[in-house]
Protein chains: 2
Amino acid sequence: MNYPNGLFKRQKSDINYANRGMSLEEDLNISNQYYLENDIAVIYKKPTPITINHVDFPNRRDAVITNAKFKIPSTTDYNGIYKGKYIDFEAKETTSKTSFPLANIHEHQIRHLRQIVKHGGIGFIIVKFSKLDRIFLLMAYDLFSFIDSEKRKSIPLSYFKAKGQEIKITLRPRIDYLKCIEKIGDVYD
Amino acid sequence: MNYPNGLFKRQKSDINYANRGMSLEEDLNISNQYYLENDIAVIYKKPTPITINHVDFPNRRDAVITNAKFKIPSTTDYNGIYKGKYIDFEAKETTSKTSFPLANIHEHQIRHLRQIVKHGGIGFIIVKFSKLDRIFLLMAYDLFSFIDSEKRKSIPLSYFKAKGQEIKITLRPRIDYLKCIEKIGDVYD
C-alpha cells in the first residue's frame, strides 16, 4: 500500500500494522485510506482547528506559522460519504476501564451530531478503551438517548456492550467501522 | 442574528452585510451560518491543514503553536449535508476578468471531487471573479468535462456563463448557493 501526503511518517514499516499500540486516530486514518483506495468510501479526518496569529515569510514558498492557538472544534473530527450517505463521527480514547467520560466530547460536537442526524446523516462515536484494548461504535441516537435520560457524566462500558457494536482490529482495514453501519442499515433505508 | 464562536470578529456591524467588499470565504461562512441557524443545511469550511512542528505549554490551558507549516489540502474546503445529501465544494476567487486559472485548484482537490461524485455526492466549485463582482457555481461534472476535453489551463468566463449558474449576492443568505443545487436537483433524484 502507498500512503501519500506523508500522513504516516511516524510509521517505520508497514509490517507493524497488525500489531497493537497504534493510536485510535492512526488506526482510523489507515482505515479511511483503505476505504478510499478500495473505492468503498471517502472519509477524512478534518484538520485541527487553530487560530493563526502570526506567519513568517522567510521566502515566497516557505511560510512558517510562528504563533497560533488551538480552537475548540465546532464539529466532529471525521466526515465523508459512504454509499451516497453522509457520514459523521467523533473518535475518542479513554484510559478508564469502566466508563467513558462525556467530558471527552465537547458540547458543540454533540449539538453538531444532533443536527447531522436531523438532516438525514449517519452519526456515531467510536470509543477506544485503551487499557482494555476494546473499541466500540455507538450510534448517535443511542448516545443522545443516554445523555437525555441519564444524569451520569460518563457512559458505562456496559452501555457500550448493550447498545454499541464492538469492533475487532483486523488487518485490512484496521478498524472496519463501516461494517457496523451496514448492520444497522435498515434504520436509514 | 447571532454569530457564535467569534467567527466574524472582523465584522464591526451587521449593517454592512449587504455591502460589497467581503471576501468570498467570509460571505460563504455567513451563508453557512444562516443555513445552520435556519435548519436548512449543515455545511462547514474545514480548518486549514497544517503540520505542527512545535508547541509551547506556558501553562496547562494555553498551548501555543510556535512552529507549523501549511500543508497542501487533500480535499476541498467545504463539505456537509443538505436534505440528506452529501455536499462537497471548493470556493476560489480570481482577479482575472476573462477566465479562471485551473492552477487555483490543486490536483488533489479535483481528484477528491471525482471521488465524491462517484460515490453519489453533490460536488461543485464556486468561483468569484472579484474584479467583475460576479459569482458562479459550476457543477463538478461540468468542471470535469472541461478538464477532460480541453487542453486549456483556465476556464473562460464564457464557460461559466454557459454551463454554470450565476449567484447574485442577497441579504440572507449572502450567497444562496443551495438554490442552484435545487435547480439541478433532477440529476440526483
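So, a few notes on the structure that sits alongside this text. Nothing here was measured: the structure is a model prediction, and the numbers come from that model. (Residues numbered from 1 in each chain as written. Chains lettered and ligands numbered in written order. Predicted model: local features only at pLDDT ≥ 70, side-chain atom pairs only at ≥ 80, totals over all residues.)

### Notes on the overall build of chain A
- Within chain A one finds five helices and 10 strands.
- The buried share of chain A, taken over its 189 residues, is 31%. (Helix = DSSP H or I, 4+ residues; strand = E, 2+ residues; numbered from the N terminus. Buried ≥ 20, exposed ≤ 12 C-beta atoms within 10 Å, placed from the backbone.)

### A closer look at the environment of Ile 87 of chain A
Residues and elements named next belong to chain A.
- When you line up the elements, Ile 87 lands in strand E5 (residues 85-94).
- For Ile 87, a count of 23 C-beta atoms within 10 Å translates into the label buried.
- For Ile 87 and Leu 132, which are 45 residues apart along the polypeptide, the C-alpha to C-alpha distance reads 27 Å.
- The contacts of Ile 87, once residues within four sequence positions are left out, are Ile 43, Asn 79, Gly 80, Ile 81, Tyr 82 and Ile 122. (Contact = placed C-beta atoms within 7 Å.)

### Description of the packing of helix H2 (residues 107-118) of chain B against helix H3 (residues 140-149) of chain B
All names here are of chain B.
- The geometry of H2 relative to H3 is characterised by a closest axis approach of 10 Å and an angle of 125° between their N-to-C directions. Judged by the inter-axis angle, H2 sits oblique to H3. Handedness of the crossing formed by H2 with H3: left-handed. Facing H2, whose interface residues are Ile 110, Leu 113, Arg 114 and Val 117, H3 presents Ala 140, Tyr 141, Phe 144 and Ile 147.
- Here the residues of the contact of H2 with H3 are counted per class, giving seven nonpolar, no polar and one charged. (Axes fitted to C-alpha atoms, helices over the stretch in contact; angles between N-to-C directions. Parallel < 35°, antiparallel > 145°, perpendicular 65-115°, else oblique. Left-handed = near helix turned anticlockwise from the far one by under 90°. Nonpolar A, V, L, I, M, F, W, Y, C, P; charged D, E, K, R; others polar.)

### Side note on the interface of chain A and chain B
- Chain A puts 29 residues into the contact, and the matching count from chain B is 28 residues.
- Looking at the side of chain A that touches chain B, the elements that each hand over two or more residues are strand E1 (41-45), strand E3 (64-70), strand E4 (78-82) and helix H2 (107-118) of chain A.
- For the side of chain A that touches chain B, the leading source of residues is E3 of chain A, giving seven residues.
- The class makeup of the residues in the side of chain A that touches chain B is 14 nonpolar, 12 polar and three charged.

### Quick notes on the sheet that holds strand E10 (residues 165-167) of chain B
All names here are of chain B.
- One open sheet accounts for six strands, arranged E1-E4-E5-E7-E8-E10; its pairing is mixed. Each edge of the open sheet carries a strand with a single partner, namely strand E1 (41-45) and E10. Neighbour to neighbour, the strand axes of the sheet diverge by 25° on average, direction disregarded.
- In the sheet, strand E4 (residues 78-82) pairs with strand E5 (residues 85-94) via five bridges, with the strands oriented antiparallel. Across the sheet, residue Tyr 78 finds its bridge partner in E5, namely Phe 89.
- Contacts from H3 reach strand E7 (122-129) and strand E8 (134-139), with the element oriented near 85° to E8. (Pairing = 2+ DSSP bridges.)

Purely geometric numbers; function is a separate question.
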